[in-house]
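Architecture and fold: a report
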Amino acid sequence: MNELLTENEVVEIMMSYLNSQGYTIERYATTTQTGIDIEAFKNGNKICIEAKGATSSMKGSARYAKPFNDNQVKNHIGKAVVAALKVLNQECKDTISAIALPDNATHRKQIDQIQTPLKQLGIKVFLVSKDNVLDYF
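This is a predicted model, so every value here is computed, not measured. (Residues numbered from 1 in each chain as written. Predicted model: local features only at pLDDT ≥ 70, side-chain atom pairs only at ≥ 80, totals over all residues. Heavy atoms only, no water.)

1. Let's talk about the sheet that holds strand 4 (residues 95–102)
- Sheet architecture is open: six strands sit in the order 1-2-3-4-5-6, paired in mixed fashion. Only two strands of the sheet have a single neighbouring strand rather than two, namely strand 1 (24–28) and strand 6 (132–135). Ignoring strand direction, the axes of neighbouring strands in this sheet form an average angle of 25 degrees.
- In the sheet, strand 1 pairs with strand 2 (residues 38–42) via four bridges, with the strands oriented antiparallel. By the bridge assignment for strand 2, Arg27 is matched with Glu39.
- Taken strand by strand, helix 1 (residues 7–20) contacts strand 1, strand 2, strand 3 (45–51), strand 4, strand 5 (123–129) and strand 6, and its axis lies near 160 degrees from that of strand 1.
- Along the sheet face, helix 2 (residues 70–90) touches strand 3, strand 4 and strand 5 and points at about 170 degrees away from the line of strand 4. (Pairing = 2+ DSSP bridges. Helix = DSSP H or I, 4+ residues; strand = E, 2+ residues; numbered from the N terminus. Axes fitted to C-alpha atoms, helices over the stretch in contact; angles between N-to-C directions. Contact = heavy atoms within 4.5 Å.)

Here is the structure:
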């Protein structure tokens, strides 16, 4: 549960998970592209997922291969929540809005502190590790 996944790795693992659940990936974005990170469909329903990593995916950056600190995690989760809220604002009622985060203590701590409003808003949270995706809520 403590591996340092990059955002691109979280996206790849989530796409594999979604495929195993019967979803078809319509579109995905890497860290060098803009837009929601994953758009997938299943039985006429759409899921839009904003993903974040536990470390930088940019070789040579100060955070590469080092874990993000608490403030960076808060910042990333805040950005993910804003992206999820935009999905709720723009998409139809059959669209699921979600965020995917690394499954580690820092991300769990931050997401646990805001889980009640996220649930009330209907934003799903997935916690991702190299060998597992947990549908957290």
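2. Section: the packing of helix 2 against helix 3 (residues 105–112)
- With their axes 10 Å apart at the nearest point, helix 2 and helix 3 run at an angle of 55 degrees to one another. When the axis of helix 2 is compared with that of helix 3, the two are oblique. In the packing of helix 2 onto helix 3, the handedness of the crossing is right-handed. Contacts between helix 2 and helix 3 involve Asp70, Val73, Lys74 and Ile77 on the former and, on the latter, Thr106, His107, Lys109, Gln110 and Ile111. (Parallel < 35°, antiparallel > 145°, perpendicular 65-115°, else oblique. Left-handed = near helix turned anticlockwise from the far one by under 90°.)

3. Focus: the packing of aromatic side chains
- The tally for this structure, following the rule as stated, stands at two aromatic pairs.
- Between Tyr136 and Phe137, the aromatic rings sit 5.7 Å apart at their centres with planes inclined by 40 degrees, giving tilted as the arrangement.
- Of the residues examined, Phe137 reaches a relative accessible area of 14% and is grouped as buried.
- Lys119 extends its terminal NZ or CZ atom over the ring of Phe137, reaching a point 5.2 Å from the ring centre. (Phe/Tyr/Trp six-rings, centres within 6.5 Å; stacked < 30°, edge-to-face > 60°. Buried < 20%, exposed > 50% of the residue type's maximum accessible area, 1.4 Å probe, protein only. Lys NZ or Arg CZ within 6 Å of the ring centre and 35° of its normal.)

4. Remarks on the pairing of strand 3
- Counting buried residues in strand 3 gives six out of seven residues, a clear majority hidden from the surface.
- In this sheet, strand 3 lies alongside strand 2 in antiparallel orientation, the contact comprising five bridges. Across the sheet, the residue bridging to Glu39 is Cys48, located in strand 3.
- You can see the chain leave strand 3, run along helix 2 and come back into strand 4, and the turn it takes is right-handed. (Right-handed = clockwise from strand over helix to strand, strands pointing away.)

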